[in-house]
Amino acid sequence: MAVISASQVKELRERTGLAMMECKKALQEADGDIELAIENLRKSSGLKAAKKAGRIAAEGAIATRVAADGSYGVMIEINSETDFVARDDNFLNFVNQVAEKLLATRETNVATLTAGELESAREALVQKIGENITVRRATVVEGALVGEYVHGGRIGVLTVLNGGTAEAAKDVAMHVAAVNPRVCKPEDMPQEVLDKEKEIILAQPDMAGKPAEIAEKMVGGRIKKFLAENSLSEQPFIKNPDQTVAAFVKAAGGELVSFQRFEVGEGIEKEEVDFAAEVAAQAAAGR
């Protein structure tokens, strides 16, 4: 049986809201696999979908730019080792330089984008600050109308509308930043995600012993609810929960097409250091 760390239990608690001992037991049964523990908990107790992985460790900044005519937009993520450096003016100036070049060139290959002067500037910044600086990823989106929004320098969104207004496109980007939908429209949800959700629903306690036709209706209803909760077009608009995002865009004279969302460090894990324990260990070793 895997040794379960306090940080694993803490993460599972944060993502599920369940009691500590319940989380520890679930992790032990899943051999330390947090995603499997969540899946098993959803099957056994009807737990609602848990928050996505919160162990985002890399620091840095997101920057966006949109062309003057609104026909395309770009977004860049640049990482640093600490949040302190991510707020440094020298670091932010470098982020802006990269974003401007990305807007001008639309080059999403990071190595090509930063070759030459920008790479020299990055190396000089590393020498000056003393931290590793990495241009992690870049994207370009095109459409009739592109909107942008960056929240706190850490979450960036580009939205694409057919028609509508620049203000509406920005408002939708703000919604995406806050709510983090999985897909733009229900039909965009990958089939493997729907199959997994159906499997979880069928394994929940209240489905046991149900006649096939009733079970099918219950699954259909819950899948429909799942799609509504996770599709941008069907979500209640944050500025007016009485209308969906799609209805808001339609009222502004447009139609939702797509979105891209970056969050600093998503998908990157960094070792968590317990400084108090580290100091105590060093002190003990020095005796």
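None of the values given here were measured: they were computed from a predicted structure.

Turning our attention to the overall build of the protein. Within the protein one finds twelve helices and eight strands. Looking at the protein residue by residue over its 287 residues, the buried ones come to 39%. Residue pairs at least 24 apart in sequence account for 64% of intrachain contacts in the protein once pairs closer than 6 positions are excluded. In the form shown here, the protein has an accessible surface area of approximately 15,700 Å², with 52% of it arising from carbon and sulfur atoms.

Next up on the list: unusual backbone geometry. The backbone phi angle of D31 is positive, close to 55°, even though this residue is not glycine. Mapped onto the elements, D31 comes out in the loop between helix 2 (20–29) and helix 3 (34–45). You can call D31 exposed: its relative accessible area is 52%. Of note in this structure, R106 is not a glycine but carries a positive phi near 60°. Take R106: it is sitting in the loop between helix 5 (89–105) and helix 6 (110–114).

Within a sheet, neighbouring strands are paired by backbone hydrogen bonds and run either parallel or antiparallel to one another. Reading across from one edge, 1-2-3 is the order of the three strands in this open sheet, with antiparallel pairing throughout. Looking at which strands have only one partner, the edges of the open sheet turn out to be strand 1 (59–66) and strand 3 (134–142). In this sheet, adjacent strand axes meet at a mean angle of 15° when their direction is disregarded. Bridge analysis of strand 1 against strand 2 (residues 72–80) gives eight bridges, and the strand direction is antiparallel. The partner of T64 across the bridge, within strand 2, is M75.

Moving on to helix 9 (residues 191–202). With twelve residues, helix 9 should cover 16 Å at 1.5 Å per step; its first-to-last C-alpha distance of 16 Å lies within 8% of that length. Among the structural elements, helix 3 and helix 10 (212–230) are those in contact with the buried residues of helix 9.

Attention now moves to the packing of helix 1 (residues 6–16) against helix 3. Helix-helix packing is characterised by the crossing angle of the two axes and by the distance between the axes. Put simply, helix 1 and helix 3 touch, their axes get as near as 11 Å, and they point 45° apart. For the element pair helix 1 / helix 3, the angle class is oblique. Judged by the twist between their axes, the crossing of helix 1 over helix 3 is right-handed. For the pair helix 1 and helix 3, the contacting residues are Q8, E11, L12, R15 and T16 in the first and I34, E35, A37, I38 and L41 in the second. Considered class by class, the residues forming the contact of helix 1 with helix 3 number five nonpolar, two polar and three charged.

Under the counting rule described, the total for this entry stands at 16 salt bridges. With a shortest N-O distance of 2.6 Å, E77 and R137 are connected by a salt bridge. One end of the pair, E77, is in strand 2; the other, R137, is in strand 3, with 60 residues separating them in the sequence. A residue is classified by how much of its surface remains accessible, and E77, at 0% relative accessible area, is buried.

Quick look at the pairing of strand 4 (residues 145–151) now. Side-chain direction in a regular strand flips from residue to residue, so the side chains alternate between the two faces of the sheet. Taken together, the seven bridges between strand 4 and strand 5 (residues 155–163) define a ladder with antiparallel strand orientation. Across the sheet, G147 pairs through a bridge with T159, a residue of strand 5.

Grouped together as the largest cluster of nonpolar side chains are 23 residues, with contacts concentrated most on I76, I78, F91, F94, V98, I133 and V135. Listing elements by their share of this core, those giving two or more residues are strand 1, strand 2, helix 4 (83–86), helix 5, helix 6, helix 7 (117–129) and strand 3. Beyond its immediate sequence surroundings of up to four residues, F94 is in contact with I78, L118, A121, R122, L125, I133 and V135. The next biggest cluster of nonpolar side chains, apart from the first, holds 19 residues, and it includes A169, A173, A177 and C184.

This paragraph deals with helix 10. For helix 10, which comprises 19 residues, the first-to-last C-alpha distance of 27 Å matches the rise-based estimate of 27 Å (1.5 Å per residue) to within 8%. Among the residues of helix 10, those classed as buried are A215, V219, I223, F226, L227 and N230. An end-on view of helix 10 places all buried positions within 105° of arc, on one side of the element. Set apart from the buried face of helix 10 by more than 90 degrees, the exposed residues are E213, K217, K224 and K225. Those residues of helix 10 that are buried lie in contact with helix 9.

Per-chain confidence: the protein averages 86 in pLDDT, with 89% of residues scoring 70 or above. Taking the mean pLDDT of every element in the protein, the minimum, 50, falls on helix 12 (residues 275–285) and the maximum, 97, on helix 11 (residues 245–251). Confidence drops under a pLDDT of 50 for residues 53–57, and excluding neighbours within four residues, the segment shows 18 contacts in the predicted structure. Contacts of residues 271–275 to residues separated by more than four positions or lying in other chains number three contacts, the stretch itself having pLDDT below 50.

The rules behind the values
- Residues numbered from 1 in each chain as written.
- Predicted model: local features only at pLDDT ≥ 70, side-chain atom pairs only at ≥ 80, totals over all residues.
- Heavy atoms only, no water.
- Helix = DSSP H or I, 4+ residues; strand = E, 2+ residues; numbered from the N terminus.
- Buried < 20%, exposed > 50% of the residue type's maximum accessible area, 1.4 Å probe, protein only.
- Contact = heavy atoms within 4.5 Å.
- Areas by Shrake-Rupley, 256 points an atom, 1.4 Å probe, with all protein chains shown as cover.
- Pairing = 2+ DSSP bridges.
- Axes fitted to C-alpha atoms, helices over the stretch in contact; angles between N-to-C directions.
- Expected span 1.5 Å × (residues − 1).
- Parallel < 35°, antiparallel > 145°, perpendicular 65-115°, else oblique.
- Left-handed = near helix turned anticlockwise from the far one by under 90°.
- Nonpolar A, V, L, I, M, F, W, Y, C, P; charged D, E, K, R; others polar.
- Salt bridge = Lys/Arg side-chain N within 4 Å of Asp/Glu carboxyl O.
- Core = buried A, V, L, I, M, F, W, Y, C linked by side-chain atoms within 4.5 Å.
- Arc of directions from axis to C-beta.
- pLDDT = per-residue confidence, 0-100.

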